[in-house]
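# Summary of the model geometry
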Amino acid sequence: MPEPLVDTLALIGIGLIGSSIARVVKREGLARHIVVQTRRPETLARAEELGLGDRYTTDPTEAVRDADLVIACIPVGASEQVARAVGPALKPGAVVSDVGSTKASVIAQVAPHLPDSIHFVPAHPIAGTEHSGPDAGFADLFRNRWCIVTPPPGTDTAAIDLVRRFWEACGADTEVMTPEHHDMVLAITSHVPHLIAYNIVGTAAHLEQVTESEVMKYSAGGFRDFTRIAASDPTMWRDVFLHNREAVLEMLARFSEDLSALQRAIRFGDGDALFDLFTKTRAIRRGIIEAGQETEAPDFGRTPGAGKPAEPGE
Ligand SMILES: NC(=O)C1=CN([C@@H]2O[C@H](COP(=O)(O)OP(=O)(O)OC[C@H]3O[C@@H](n4cnc5c(N)ncnc54)[C@H](O)[C@@H]3O)[C@@H](O)[C@H]2O)C=CC1
Ligand SMILES: O=C(O)C(=O)Cc1ccc(O)cc1
């Protein structure tokens, strides 16, 4: 096994993402010691039963004391509270990172609480499922997926390099971008799609006369896929929308304009407008499949290899 990348890794939060990191880090020997921290003793006990770490604590300051790399795997809205708690306890020179689905807000919440000697390199693995908690994670979650790294200007290049090498050793490909660009891209590719899923399932649930019968009975098609997304963690997604407000509102405005155009086409029987759009969108999907970024069948985000370009020759 190669030399570990870090001596002590502290994972703050041990849900789907934290436990997936723990599993792949153990399997690949990426850290000599893993410290697991979470607020609830029951979750910590479960993490211990699953053997996810080497040391377990509910105290965030105790968790980070000896850590060379600290990764916060918590809902984005909890970032400030955790940074405030761990900031003074961090080992000088330590690298702090996170996995949050929004980036500008996390930086604004965390950076003010970190001493100058700490290197902050935020990251976002674009890999997940609708499940949460320590049982939901798996070591291959990040394999052949992207991990976007969004270092604030002036971040130490060696720290950026460590975080990139860490994610690459977890199986991901990394890309560096600004937090603002990340938030705009993810608003349209991930956040608005989740909002649409929550909304359509909510709309169906409001049709009380069909909720118990037809909606469930005939949900074999597109609706079923929406129900999977709409089963995603409520705390996590509440925080995503509250913490990527501007970008989500901008993309929603564009979405609403395009939806209104479709509504008009249906109202006025403009079949050409509908046909043209559906032809364009079909070509986009086929292009994605030809580029090796998606499988033909519904993938539900779990198949390693789906969601990013294939390796040359794959
Ligand atoms: N679920 C997904 O598919 C993906 C999630 N993410 C991001 O990863 C982060 C973690 O998400 P998951 O692992 O899915 O969530 P999860 O719900 O499975 O785990 C969250 C963990 O954070 C802890 N936690 C919750 N509130 C806290 C607080 N106020 N202070 C300290 N700890 C707290 C929980 O005890 C738990 O250990 C989120 O920021 C999310 O945006 C990123 C990529 C994919
Ligand atoms: O389950 C799915 O389809 C997802 O989209 C997973 C996911 C959720 C949030 C992220 O920030 C990244 C990936």
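Fair warning: this is a prediction, and the values are worked out from it, not measured in the lab.

## Observations concerning the overall build of the chain
From N to C terminus, the chain includes 12 helices and nine strands. Rg of the C-alpha trace for the chain: 21 Å, near the compact-globule value of 20 Å for 314 residues, within the 12% margin. Overall, the chain is about 65 × 40 × 40 Å in size when its C-alpha atoms are taken along their principal axes. In the chain, which comprises 314 residues, the share counted as buried stands at 43%. Long-range pairs, those at least 24 residues apart, make up 74% of the contacts in the chain between residues at least 6 apart in sequence. With the model as given, the accessible surface of the chain reaches about 16,300 Å², and the carbon-plus-sulfur share is 56%. On the chain, the mean spot of the 30 positive side-chain charges and the mean spot of the 43 negative ones are 3 Å from each other.

## Focus: the site of ligand 2
If you check the shell around ligand 2, you find Ser101, His124, Ala127, Gly128, Thr129, Glu130, His194, Arg228, Ile229, Met236 and Trp237 and nothing else. Between ligand 2 and the protein, one listed contact pairs an oxygen atom with a side-chain N or O atom of His124 at 2.6 Å. Arg228 places a polar side-chain atom, nitrogen or oxygen, 2.7 Å from an oxygen atom of ligand 2. In isolation ligand 2 has 340 Å² of accessible area, and contact with the protein removes 84% of it.

## A word on the domain arrangement of the chain
Looking at the assigned domains, one finds that the chain contains domain 1 (6-177) and domain 2 (181-290). Taking only C-alpha atoms into account, the centre of domain 1 sits 30 Å from that of domain 2. Tallying the contact residues gives 18 residues for domain 1 and 15 residues for domain 2. Taken together, the two surfaces of domain 1 and domain 2 that pack against each other cover about 1,300 Å², and 65% of this comes from carbon and sulfur. The tally of links from domain 1 across to domain 2 stands at one salt bridge. As a salt-bridge pair, Glu130 and Arg228 come within 2.7 Å of each other at their nearest N and O atoms. Counting the contacts that link domain 1 with domain 2 gives nine residue pairs in polar contact (both at pLDDT 80 or more). Considering every element that reaches the side of domain 1 that touches domain 2, the biggest residue donor is helix α5 (residues 104-110), with three residues. Here the side of domain 1 that touches domain 2 is composed, by residue class, of seven nonpolar, nine polar and two charged.

## Overview of the pattern of salt bridges
Throughout the structure, instances matching the rule amount to 20 salt bridges. Note that Glu42 is salt-bridged to Arg40, the shortest N-O span being 3.1 Å. A single network of salt bridges, built from pairs that share partners, joins Arg27, Glu28, Asp140 and Arg143.

## Some remarks on the packing of aromatic side chains
Applying the stated rule across the entire model yields three aromatic pairs. Ring centres of Phe142 and Trp167 lie 4.9 Å apart, and the angle between their planes is 85°; this geometry places the pair in the edge-to-face category. Of this pair, Phe142 sits in the loop between β7 (123-125) and β8 (146-149) while Trp167 is found in helix α6 (residues 157-169), placing the two residues 25 residues apart along the sequence. The class of Phe142 is buried, set by a relative accessible area of 1%. For the pair Phe166 and Trp167, a centre-to-centre distance of 5.7 Å together with 90° between the ring planes defines the contact as edge-to-face. Judged by relative accessible area, which is 2%, Phe166 ranks as buried.

Parameters at a glance
Residues numbered from 1 in each chain as written. Chains lettered and ligands numbered in written order. Predicted model: local features only at pLDDT ≥ 70, side-chain atom pairs only at ≥ 80, totals over all residues. Heavy atoms only, no water. Helix = DSSP H or I, 4+ residues; strand = E, 2+ residues; numbered from the N terminus. Rg over C-alpha atoms; globule rule 2.2 N^0.38 Å. Buried < 20%, exposed > 50% of the residue type's maximum accessible area, 1.4 Å probe, protein only. Contact = heavy atoms within 4.5 Å. Areas by Shrake-Rupley, 256 points an atom, 1.4 Å probe, with all protein chains shown as cover. Lys, Arg positive; Asp, Glu negative; His and termini not counted. Charge placed at Lys NZ, Arg CZ, Asp CG, Glu CD. Near = heavy atom within 4 Å. Polar contact = N/O pair within 3.5 Å; in protein donor to acceptor, adjacent residues only side chain to side chain. Domains from an automatic or database assignment. Buried area = accessible area lost by both parts, 1.4 Å probe. Salt bridge = Lys/Arg side-chain N within 4 Å of Asp/Glu carboxyl O. Nonpolar A, V, L, I, M, F, W, Y, C, P; charged D, E, K, R; others polar. Phe/Tyr/Trp six-rings, centres within 6.5 Å; stacked < 30°, edge-to-face > 60°.

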